[in-house]
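Residue-level structure breakdown
Below are the chains, spelled out letter by letter.
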Amino acid sequence: MAGGVSLKTNLSGIELATPVLAASGTFGSGQEMSRLVDLRKVGAVVTKSVTPQPVRGLPTPRMVETPSGMLNAIGLQNPGVEGFIEKEGPFIAGGGVPVIVSIAGKSVQEFAEVAVRVSKLPGVAGIEANISCPNVERRNQVFACDAQAAGEVIGTVTRMTHLPVFAKLTADVTDIVEVAQSCVRAGAHGLSLINTVLGMAIDVETFRPRLGGTTGGLSGPAIRAVAVRCVFQVARALPEVPIIGIGGITDADSAIEFLLAGASAVQVGTANFYAPHSMVEIAEGIGAFLVRRGMSSPMELRGRVVTPGLPAEPAYRGG
Amino acid sequence: MAGGVSLKTNLSGIELATPVLAASGTFGSGQEMSRLVDLRKVGAVVTKSVTPQPVRGLPTPRMVETPSGMLNAIGLQNPGVEGFIEKEGPFIAGGGVPVIVSIAGKSVQEFAEVAVRVSKLPGVAGIEANISCPNVERRNQVFACDAQAAGEVIGTVTRMTHLPVFAKLTADVTDIVEVAQSCVRAGAHGLSLINTVLGMAIDVETFRPRLGGTTGGLSGPAIRAVAVRCVFQVARALPEVPIIGIGGITDADSAIEFLLAGASAVQVGTANFYAPHSMVEIAEGIGAFLVRRGMSSPMELRGRVVTPGLPAEPAYRGG
Amino acid sequence: MFRQKCEVLSVKRLGAYHSITLVAPEIADDARPGQFVEVAVPPEREFLLRRPFSIHQASRKGGWAGTLEIAFVPVGPGTRWLTDIEAHDFLDVVGPLGRPFPYPTQPNSCLLVGGGYGAAPLYFLAQELRSRGKRVDMIIGARDQERVFKAVEAKRLSVQVTITTEDGSLGERGKVTDALPGMVTRCDTEVVYACGPNPMLRAVAEYCAEQRLPTQVAVEELMACGVGVCWTCVVPVIRRDGSGWDYLRSCIDGPVFSGSRVWWEKWLGGRSAPIQTPPQGFQAEELTVGRAASWPAG
Amino acid sequence: MFRQKCEVLSVKRLGAYHSITLVAPEIADDARPGQFVEVAVPPEREFLLRRPFSIHQASRKGGWAGTLEIAFVPVGPGTRWLTDIEAHDFLDVVGPLGRPFPYPTQPNSCLLVGGGYGAAPLYFLAQELRSRGKRVDMIIGARDQERVFKAVEAKRLSVQVTITTEDGSLGERGKVTDALPGMVTRCDTEVVYACGPNPMLRAVAEYCAEQRLPTQVAVEELMACGVGVCWTCVVPVIRRDGSGWDYLRSCIDGPVFSGSRVWWEKWLGGRSAPIQTPPQGFQAEELTVGRAASWPAG
Ligand SMILES: Cc1cc2nc3c(=O)[nH]c(=O)nc-3n(C[C@H](O)[C@H](O)[C@H](O)COP(=O)(O)OP(=O)(O)OC[C@H]3O[C@@H](n4cnc5c(N)ncnc54)[C@H](O)[C@@H]3O)c2cc1C
Ligand SMILES: Cc1cc2nc3c(=O)[nH]c(=O)nc-3n(C[C@H](O)[C@H](O)[C@H](O)COP(=O)(O)OP(=O)(O)OC[C@H]3O[C@@H](n4cnc5c(N)ncnc54)[C@H](O)[C@@H]3O)c2cc1C
Ligand SMILES: Cc1cc2nc3c(=O)[nH]c(=O)nc-3n(C[C@H](O)[C@H](O)[C@H](O)COP(=O)(O)O)c2cc1C
Ligand SMILES: Cc1cc2nc3c(=O)[nH]c(=O)nc-3n(C[C@H](O)[C@H](O)[C@H](O)COP(=O)(O)O)c2cc1C
Ligand code: FES
Ligand code: FES
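Remember, it's a predicted structure, so these values are computed and weren't measured experimentally. (Residues numbered from 1 in each chain as written. Chains lettered and ligands numbered in written order. Predicted model: local features only at pLDDT ≥ 70, side-chain atom pairs only at ≥ 80, totals over all residues. Heavy atoms only, no water.)

A tally of helices and strands in chain A yields eight helices and 16 strands. Taken over the C-alpha trace, chain A has a radius of gyration of 19 Å; the compact-globule value for 319 residues is 20 Å, and the two agree within 12%. By its C-alpha atoms, chain A is 50 × 50 × 40 Å across when sized along the principal axes. Sorting the 319 residues of chain A into buried and exposed places 70% on the buried side. A separation of at least 24 residues holds for 69% of the contacts in chain A among residues at least 6 apart in sequence. Summed over its atoms, the accessible surface of chain A is roughly 9,800 Å², and 51% of this surface lies on carbon and sulfur atoms. A distance of 1 Å separates the average location of the 26 positive side-chain charges in chain A from that of its 26 negative side-chain charges. (Helix = DSSP H or I, 4+ residues; strand = E, 2+ residues; numbered from the N terminus. Rg over C-alpha atoms; globule rule 2.2 N^0.38 Å. Buried < 20%, exposed > 50% of the residue type's maximum accessible area, 1.4 Å probe, protein only. Contact = heavy atoms within 4.5 Å. Areas by Shrake-Rupley, 256 points an atom, 1.4 Å probe, with all protein chains shown as cover. Lys, Arg positive; Asp, Glu negative; His and termini not counted. Charge placed at Lys NZ, Arg CZ, Asp CG, Glu CD.)

Below, the discussion takes up the overall build of chain C. In terms of regular secondary structure, chain C is built from seven helices and 16 strands. A burial count over chain C gives 62% of its 298 residues as buried. Working note: accessible area of chain C is about 11,300 Å², and carbon and sulfur atoms make up 52% of it.

As a further point, take the packing of aromatic side chains. Inspection of every chain in the model, using the stated rule, returns 16 aromatic pairs over all chains. Taken together, a centroid distance of 5.7 Å and an interplanar angle of 55 degrees make the contact between F53 of chain C and F72 of chain C tilted. Here F53 of chain C, found in strand β4 (residues 51–54), pairs with F72 of chain C, found in strand β6 (residues 67–72); they are 19 residues apart in sequence, far enough to count as distant. Here F72 of chain C falls in the buried class, since its relative accessible area comes to 2%. Look at Y123 of chain C and F149 of chain C: their rings are 6.1 Å apart centre to centre, the planes differ by 40 degrees, and that puts the pair in the tilted class. With Y123 of chain C in helix α3 (residues 120–131) and F149 of chain C in the loop between β9 (135–142) and α4 (151–157), this residue pair connects regions lying 26 residues apart in the sequence. Y123 of chain C gets classed as buried once you look at its relative accessible area, which sits at 0%. On the basis of relative accessible area, F149 of chain C is assigned to the buried category, the value being 1%. Ring-pair connections join several aromatic residues into one group, and the members of that group are Y17, Y123 and F149 of chain C. The cationic tip of R62 of chain A hangs over the ring face of Y247 of chain C; the distance from NZ or CZ to the ring centre is 4.8 Å. Across the ring face of W231 of chain C, the terminal group of R249 of chain C is positioned such that the distance to the ring centre comes to 4.1 Å. (Phe/Tyr/Trp six-rings, centres within 6.5 Å; stacked < 30°, edge-to-face > 60°. Lys NZ or Arg CZ within 6 Å of the ring centre and 35° of its normal.)

All names here are of chain C. Scanning the model with the defined rule gives 38 salt bridges over all chains in all. D92 serves as the salt-bridge partner of R50, at 2.8 Å between the closest nitrogen and oxygen. A residue pair is termed long-range when its members are at least 10 positions apart, and R50 in the loop between β3 (36–39) and β4 and D92 in strand β7 (residues 90–97) qualify at 42 residues. According to the relative accessible area criterion, R50 is buried, its value standing at 2%. Here D92 falls in the buried class, since its relative accessible area comes to 11%. It is possible to trace a salt-bridge network through shared partners that takes in R3, K5, R50 and D92. (Salt bridge = Lys/Arg side-chain N within 4 Å of Asp/Glu carboxyl O.)

What follows concerns the interface of chain A and chain C. Each partner contributes to the interface: chain A provides 30 residues, whereas chain C provides 30 residues. With both sides pooled, the region where chain A packs onto chain C buries about 2,600 Å², and carbon together with sulfur makes up 62% of that total. Across the pair R51 of chain C and E65 of chain A runs a salt bridge, and its minimum N-O distance is 2.7 Å. Connecting chain A to chain C are ten residue pairs in polar contact (both at pLDDT 80 or more). Of all elements in the fold, only β5 (63–66), β6 (69–72) and α7 (270–274) of chain A reach the threshold of two or more residues within the side of chain A that touches chain C. Looking at the side of chain A that touches chain C residue by residue, the class counts come to 14 nonpolar, ten polar and six charged. (Buried area = accessible area lost by both parts, 1.4 Å probe. Polar contact = N/O pair within 3.5 Å; in protein donor to acceptor, adjacent residues only side chain to side chain. Nonpolar A, V, L, I, M, F, W, Y, C, P; charged D, E, K, R; others polar.)

It is worth spelling out the pairing of strand β11 (residues 165–169) of chain B at this point. Residue and element names in this part refer to chain B. Within β11, five of the five residues are buried, leaving the element largely enclosed by the surrounding structure. Along β11, one buried face is formed by V165, A167 and L169 and the opposite face, lined by F166 and K168, is buried too. Two elements, strand β8 (residues 124–130) and β11, share four bridges in a ladder whose sense is parallel. Considered in β11, the bridge of I127 is made with V165. For the crossover from β11 across helix α4 (residues 176–185) to strand β12 (residues 190–193), the handedness is right-handed. (Pairing = 2+ DSSP bridges. Right-handed = clockwise from strand over helix to strand, strands pointing away.)

Mapping chain A onto chain B calls for a rotation angle of 180 degrees and an axial translation of 0.0 Å; the resulting RMSD is 0.0 Å. A rotation of that kind, with that shift, is consistent with a two-fold axis. An overlap of 99% is found between the interface residues of chain A and their copies at the interface of chain B, pointing to a shared contact surface. (Least-squares fit on C-alpha atoms with pLDDT ≥ 70 in both.)

What surrounds ligand 3 is a group of 24 residues, the closest being S24, S49, K168, G248 and T270 of chain B. Proximal residues around ligand 3 fall on chains A, B and D, making this an inter-chain site. Backbone polar atom of G220 of chain B to an oxygen atom of ligand 3: 2.8 Å apart, as the coordinates give it. Here an oxygen atom of ligand 3 sits 3.0 Å away from a polar atom, N or O, in the main chain of G269 of chain B. Calculation on ligand 3 without its partners gives an accessible area of 600 Å², and the protein chains cover 100% of this total. (Near = heavy atom within 4 Å.)

The subject of this paragraph is the sheet that holds strand β5 (residues 63–66) of chain B. Strand pairs in the sheet, formed through backbone hydrogen bonds, run parallel or antiparallel to each other. One open sheet holds the four strands; their spatial order is β5-β6-β14-β13 (chain B), and the pairing between them is antiparallel. The open sheet terminates on both sides in strands that have one partner only, identified here as β5 and β13 (197–200) of chain B. When the angles between neighbouring strand axes are averaged without regard to direction, this sheet yields 40 degrees. Across four bridges, the pairing between β13 of chain B and strand β14 (residues 215–219) of chain B is antiparallel. The residue of β14 of chain B that forms the bridge with L198 of chain B is G217 of chain B. Helix α5 (residues 224–237) of chain A rests against β5, β6 (69–72), β13 and β14 of chain B of the sheet, and its axis sits at about 75 degrees to β13 of chain B. (Axes fitted to C-alpha atoms, helices over the stretch in contact; angles between N-to-C directions.)

Next up on the list: the interface of chain A and chain B. Facing the 74 residues of chain A at the interface are 73 residues of chain B. Across the chain A-chain B interface, the total number found is four salt bridges. Measuring nitrogen to oxygen at the nearest pair gives 3.1 Å for the salt bridge that ties E205 of chain A to R292 of chain B. In this structure, the connection of chain A to chain B is made through 14 residue pairs in polar contact (both at pLDDT 80 or more). Going through the elements one at a time, β6, β10 (141–142), β13 (197–200), β14 (215–219), α5, α6 (252–261) and α8 (278–292) of chain A are the ones with two or more residues in the side of chain A that touches chain B. Tallied by class, residues from the side of chain A that touches chain B come to 38 nonpolar, 22 polar and 14 charged.

Listed below in structure tokens is the structure:
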């Protein structure tokens, strides 16, 4: 790249061509999208979350557009870990792009199962534990909404694999720093912030929820400010831990916001749906920005946000 | 109104001409806006939050636009309860529009002080306790982020006043139902959901937060889905409690979404800034909707959302 | 599948419809009837996602070589925005997408049934079928005359045509399904193709199942990506081996499915009359359209 | 204060500037120099808030009676959208807003200093001052020739004029503040009015304080509502009685403030040279412009 700039990024040991990754559930494993996107210019692909058994998912409608965002309620539809390996194994082994496998489960045990199986799969670069799903052993409370449960999952998964493990957290908690700390104590090699924000929309003509699953996850630019805040809070508390910033990233500037807030890399989700080329453009844009600022690596931006008046947080939500 | 429809709404004893209120901090006390809006067509005005002593507020910039929303960090600037009474007392006593006074404080004691003083003010229709502000007695944790602290404030305020008291909650919690229940147990006559969502934006040129207060509150259509979800969750758990739905309401349809989710009334905030007439148009739109559906009162819409597949919640955030 | 910035060659009004003809050589070259394209909306809007539109026409040869036509009725922000598009503007288009209508191998008498904008892809299909020596008949229906899409074109392309409108403002008063039995008999129909509102597809599919007529229907579900990665666009489809059913992605396993394998009751609710499609262990005796069954999953 | 749907009478280009003339009788009738209007952006955009623009011209009499003109440079989505506005389009406008420039009571020699689009309101002000028999001189500056707003107009309205550009492409090379001392001497300036980038206003105000010259400056802060209810647009201003300072709303207590009472250091940071404006107990000896001090707070 121009001006001695390199976008190469080392994420907890994973070598990436760029710090811009595809977010889970928005890019498959890369196979389908390879026809539209040059995968060599993609940092890595985080797969759709995989569970031990096949999951059929929720009834339609599974999405609804909201202002500057969308709600989705897929219900983790996936072919199960065996079906996943059959479908995606060869592609992943091919090594065209680093693949981080997102794993999910209804119990600590299920996470462990998938982690073990996935770790044996050639070519897998890392594991992202999607702990933003309901825990059947705790009245369906979401793992990531409970620091202890989150720590249990991560502790078990890290013991089960040699691969770097990223804990993917939700912003729908009173204190995300507490959950983050618990995951790091349990051995997480990095944190992925954030998953979608729980929301709902209602059809005023039919009086029905616009989603078959009633509630769903809000994504897109609408949640960007929330995600930047979460990355900022966690990075302040855990400056050593690699963070992947996620939430409403659509262009280089929004990606750079996350790096300045403390992220080492970013994931692009919803934008892939309408702008499949955006990850490549964002990486190029970051490169151009670095050149313009006379910097040589994205890491020079990490956590560089200047905050004189701290701690102003927790701020006056109420105006 | 046409077809025997009446928008009259009784909110915990307060008689309102329409179920559409002005949200705190977005409409003053009504004086300034009376030159642009016919206040007789406004359900009620919730004032900017008032504290015991004058508060100077945070340095600028105090706002930044975000996709389909805005962040604000005002820092509760207000003239203090005495200054407030001096400035707004006569207008409130005038009774041109029902006025609900929003009160805030750094401690339970401060809330009590303002509540007492405000209760003596002629013409005040009710009190909204903005408990989404930092509690100096608990390491600045926001009252509304702690069910117990929230309950303490509401318990004290309700004891100090004869006026109906609404507890205004934040969505930035793991379990908003728990906080809501605690407030209701403590005597809240109603709940206002939701306050702004904590967010942050960074200027990529200066590396500085775009807000003088570093973090700030996200408002506008971007948060609507989150607000509808909160109203839905709380209404399911507390079907008897009057709820005022707040968050990204811009038109009759978005207001009706909140009513269907379980709200008895709604507040309009950010939309007042760019469309001062919107509260009036929303009320008229609700009226037209009722006529079209052969209904006679907004209360007929309350909580009418049809949810066969429940409980799907807590839903699969992670897709 | 390609992503192209396509220049708008021309825009037309036909009754309630707007049509846009695009210069899109690669897409047009691969396009087959029943496939669709995803059109990007402009930046700085509060709505983000591409809008899917069936390929109404794709010309590989002749004066219109390399062009693609879509037709739509404005129903919301995206389609309203599209009505302002003018010649020489550029649209960001991804396509061709999805599984097209399969062609029958043995000689066949084909009845094409289109409701509303669902008629758009059927003329393209009719041409392809005729060029393969098939007999084509058509039923084109809509709410009213304004919404009947290209009645004249239907007459030009088919042996027999029935037009239906719900208000009777054109052709027979009623729904396309009212005209279905009569046409099937008159035309000795051997296979039915349908595109239109999902409830219409269901009625057609259920009637054809009763009559043991193979059907291919182009369904419509909300789509976020259009390319198979988001799993929002699924439809419940019975496995060919009857071992159960799956949610298949209508953007790549469809939008065209065999009408007898869509589990309508599960998808659209209510009770399926006359035939029920139970979920498990049900032998989905597929009524094949020649090699249709050999098409990709679904 | 009114809200009006205003028809666009005409749009113009002047160098880097676009200007829009609106039919807005009520607003034009009340408008005074230094006040502004808030223009609504269209629905379905990801940005929501009205955009504030100074009133460049407001004609109460003559051929242009009841019209209002604003001028701007496209810098972002709102202003970019405005560049597509054409005659006969309608804009949703709220105004007139804010505290206008006060006029001196005693005879005065007035120097008007404008930077970039900050020059826009000064011609309106110059006319009003002249009609009150004041002497008007002007310094108009910008980055380059393209951004010098209406140099000719400046010459027409003032006794002496200095044009400055940072790149020297027009007039003297440098900033308006470089030309300030010379002009003040040459013109026996008794009061200075300034509008432009906040750092420029600060430099002007600090120079004038040194020279004990009264100044009125029109500041700019981010505004969400423009009508005094959101408290986003505040500027730190020293109390007249010196008992301290307050954050005053620039949308109603301003945008025009007495330059000597804005606490520049607090607002814009850095160190204030030459004079410091300490926060507490500081006697803000206001340099009054005639009855200026008798204007609403600020
Ligand atoms: C494969 C496919 C092919 C299509 N072909 C055409 C076509 O040729 N011509 C045409 O006019 N339209 C077609 N559509 C529908 C078209 O995509 C939608 O009408 C369009 O996306 C609406 O966008 P909008 O912003 O104008 O309205 P929106 O506000 O997005 O939608 C308006 C209304 O239509 C509903 N809606 C939107 N998209 C869909 C959908 N995909 N399925 C069901 N309901 C929906 C919304 O829920 C809303 O009630 C097709 C859809 C699919 C999936
Ligand atoms: C009282 C007042 C009068 C004004 N008069 C004029 C005028 O006559 N002509 C003119 O061209 N502009 C004027 N402005 C500035 C104008 O309002 C902004 O340029 C405009 O809102 C930018 O909108 P946008 O969507 O095009 O760009 P945005 O994306 O909103 O802003 C572009 C850049 O300008 C900055 N910006 C936006 N608004 C302001 C503001 N109010 N103060 C400081 N920085 C800002 C943003 O932070 C961003 O960096 C005035 C502002 C105020 C407060
Ligand atoms: C500029 C601004 C100031 C606000 N000030 C207050 C306040 O003082 N007290 C309060 O309880 N809420 C305050 N709010 C929150 C609003 O009352 C409302 O809860 C929030 O904006 C969500 O509604 P909206 O999306 O319609 O704006 C403020 C919001 C904004 C945008
Ligand atoms: C349709 C859809 C499906 C998703 N599926 C998953 C998933 O399976 N696992 C997961 O961890 N996150 C999932 N996500 C969340 C995204 O990975 C990402 O965290 C979120 O969308 C925020 O990023 P964005 O605003 O860029 O989309 C999904 C998001 C969408 C929109
Ligand atoms: S629309 Fe995304 S998978 Fe079909
Ligand atoms: S802009 Fe809202 S108070 Fe000034």
